[in-house]
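Structural features, examined
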Amino acid sequence: MYNFDVNNIRRDFPILNQKINDQPLIYLDSGATAHKPNIVLEEIKKYYEIKNANPHRGAYQLSVLSTEVYENTRELVRGFINAKSTKEIIFTKNTTESLNLIAFSYGMNFIKEGDEIVLLIANHHSNIVPWQQVAKTKRAHLKYMYLDDEGRLTEDEMKEKISPKTKLVSLCDVSNVLGTVYPVKSVIDYAHKMGAIVVVDGAQGLPHRKVDVTELDADFYAFSAHKMLGPMGFGVLYGKEELLNEMPPFLTGGNMIEYVSEEETTFAELPYKFEAGTQNVSGAAGLAAAINYLNEIGMDNITAYEKDLTAYALNKLLEIDYLKIYGPKTMKDRGGVISFTVEGAHPHDVASILDAYGVAIRSGHHCARPLMNFLGVAATSRASFYFYNTFEEIDVFVDSIKKVRKWLGSGS
Ligand SMILES: Cc1ncc(COP(=O)(O)O)c(C=O)c1O
């Protein structure tokens, strides 16, 4: 059960009060990016109004304030995901950069010829392409874990693909296409037994459910602020301290050094070794406000509400016989993302027609081409929910879908 009033919550999100095509906006694309509550917008503005300075470098008061904003956010993030130390929290610009950091720093240095890298076929391109680069350069082999008919990963498939040859496994905790919640804890435990390390792409997981990286025993966990009410251009990489310590810097330059001579450089300690150049402090201010907001509502509350909302949507969509739904058909192992195709209608047409009713959904390959090939479709339409969506919005969404085929002059 959940305990909050969605109408009160919606008052915190100014963008949700807009009209699109003369209809109230129904935003069902939070999987792409989430909207921002007033408190996040205010904290970003306040940062520039009264705290803006380059952090870490100045002895003067403003620089100290800016450093405080940045480092307080690091501590807040540490607590939010239950990491052991702030040394394990690296700030990046998004999930993509976090994953590239691991691939280029860990992958290019610790993966050797003949090693196997195991990926989930449901991974987003940002969790495939960097590994392809590593595999090509290091002459390592890429292997994929495939899915069952409802988009789940079976234990048999995991055990078939992860072996003592596996050096690294990288998977998402929730699919941005299918909404499937993957058994990352089981994968981590099994991969560790086989001697591999595990990278978790938490872009779609962390905004919606409580994540405890210590309990998971994840080696790396990556996520983006903009999908969890924070600003764009700010991301996080959690990594175990012992691994990060062994890894060389990803980007080099100012801020990440200890000492520089004409020929040589010694690097700063963690986490600064991985944070080259002037950092996005206003982004940190925004993420801190977002985390405080999420904490106040409660992650378990958010998960419970989204579960009811998604079940409501899923059941209504399953009643439409000319709709094909991809991913789990029940709420078992399922989060708030629903991909579907409407028989006789191109997904782009579906999205455009829904836009006329003020309903914002996404269509396309969702940056997951290998998954689309596996599913045998070029594109799907995708609705993705957050805790500011309402049951009434789902009704309008489903009614709009029922009008698609009439718009296109076919079907009823
Ligand atoms: C599962 C998953 N991983 C990674 C990303 C990339 O996130 P970003 O564009 O913020 O780097 C996304 C974005 O949609 C995603 O859904």
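Everything discussed here concerns the structure shown above.
In this report, the structure presented in the accompanying data block is examined. All of these numbers come straight from a predicted model, not from anything done at the bench. (Residues numbered from 1 in each chain as written. Predicted model: local features only at pLDDT ≥ 70, side-chain atom pairs only at ≥ 80, totals over all residues. Heavy atoms only, no water.)

What about the pairing of strand β14 (residues 337-342)?
The side chains of a regular strand alternate, first on one face of the sheet and then on the other. The buried fraction of β14 amounts to six of the six residues, a majority that puts the element mostly inside the structure. Burial along β14 is two-sided: V337, S339 and T341 and I338, F340 and V342, pointing in opposite directions, are all buried. In this structure, strand β13 (residues 323-326) lies alongside β14, joined through four bridges in antiparallel fashion. Paired with L323 across the bridge in β14 is V342. With four bridges connecting them, β14 and strand β17 (residues 380-384) associate as antiparallel partners. Directly across from I338, in β17, lies its bridge partner A383. (Buried < 20%, exposed > 50% of the residue type's maximum accessible area, 1.4 Å probe, protein only. Helix = DSSP H or I, 4+ residues; strand = E, 2+ residues; numbered from the N terminus. Pairing = 2+ DSSP bridges.)

Re the sheet that holds strand β7 (residues 166-172)
Spatial strand order, β4-β10-β9-β8-β7-β5-β6: seven strands in an open sheet with mixed pairing. Each edge of the open sheet is held by one strand with a lone partner, namely β4 (89-92) and β6 (141-145). Averaged over all pairs of adjacent strands, the angle between strand axes in this sheet comes to 20°, irrespective of strand direction. In this structure, β4 lies alongside strand β10 (residues 235-239), joined through four bridges in antiparallel fashion. By the bridge assignment for β10, F91 is matched with V236. (Axes fitted to C-alpha atoms, helices over the stretch in contact; angles between N-to-C directions.)

Points about the layout of surface pockets
The gaps left among the atoms become clear once a water-sized probe is rolled over them. Each pocket or cavity is described by its volume, and for the largest pocket that value is around 310 Å³. Along its surface, the largest pocket is lined by 20 residues, and G31, H124, N176, Q204 and K227 are the ones closest to its centre. Along the lines of polarity and charge, the residues of the lining of the largest pocket split into five nonpolar, 11 polar and four charged. Residue assignment places the lining of the largest pocket across two domains, with domain 1 (6-30 + 298-407) and domain 2 (42-295) each supplying three or more. (1 Å grid on protein atoms, 1.4 Å probe; cavity = no way out; pocket = protein on both sides within 12 Å on 5 of 7 lines; lining within 4 Å. Points joined across faces, edges and corners; volume = space filled by probe spheres on them. Nonpolar A, V, L, I, M, F, W, Y, C, P; charged D, E, K, R; others polar. Domains from an automatic or database assignment.)

Considering empty space enclosed by the protein
Per the counting criterion, the structure on display carries one cavity of 30 Å³ or more. In terms of lining, the largest cavity is formed by S30, G31, V174, Q204, H208, R209, E306, G335, G336, V337, S384 and F385. Classifying every residue of the lining of the largest cavity by side-chain character gives three nonpolar, seven polar and two charged. Split by domain, the residues of the lining of the largest cavity number at least three in each of domain 1 (6-30 + 298-407) and domain 2 (42-295).

Section: helix α14 (residues 391-407)
The terminal C-alpha atoms of α14, which comprises 17 residues, lie 25 Å apart, in line with the 24 Å expected from a rise of 1.5 Å per residue. Taken as a whole, α14 has its buried residues at E393, I394, F397, V398, S400, I401, V404 and R405. Phi turns positive one or two residues past the end of α14, at G409, with a value near 75°. (Expected span 1.5 Å × (residues − 1).)

Details of the site of the ligand
Taken together, 13 residues lie near the ligand, and T96, D201, Q204, S224 and K227 sit nearest. Between an oxygen atom of the ligand and a main-chain N or O atom of T95, the distance comes to 3.4 Å. Measuring from a nitrogen atom of the ligand, one finds a side-chain N or O atom of D201 at 2.5 Å. About the coverage of the ligand: the protein hides 88% of its 390 Å² of free accessible area. For the ligand, the cavity whose grid points lie within 2 Å of the majority of its atoms is the largest pocket. Within the shell around the ligand, the residues separate by chemical class into one nonpolar, 10 polar and two charged. (Near = heavy atom within 4 Å. Polar contact = N/O pair within 3.5 Å; in protein donor to acceptor, adjacent residues only side chain to side chain. Areas by Shrake-Rupley, 256 points an atom, 1.4 Å probe, with all protein chains shown as cover. Sits in = over half its atoms within 2 Å of the grid points.)

As for the side chain of S98
Mapped onto the fold, S98 is located in helix α4 (residues 95-110). In this structure S98 comes out as buried when scored by relative accessible area, which is 0%. Within the structure, the side chain of S98 is placed 2.8 Å from the side chain of T92, a separation counted as a polar contact. Once residues within four sequence positions are removed from consideration, S98 is found in contact with T92, A222, V236 and L237. (Contact = heavy atoms within 4.5 Å.)

Observations regarding unusual backbone geometry
In this structure, the amide linkage connecting L270 to the following residue, P271, adopts the cis form with an omega of -5°. With respect to the helices and strands, P271 occurs in the loop between β12 (265-267) and α10 (281-297). A positive phi angle is found at N82, which is not glycine, with a value near 55°. Looking at the secondary structure, you find N82 in the loop between α3 (61-81) and β4. Take N82: its relative accessible area is 34%, and that puts it in the partly exposed class. Unusually for a residue other than glycine, C367 sits at a positive phi of about 55°. With respect to the helices, strands and loops of the structure, C367 is situated in the loop between β16 (362-364) and α13 (369-375). C367 gets classed as partly exposed once you look at its relative accessible area, which sits at 32%.

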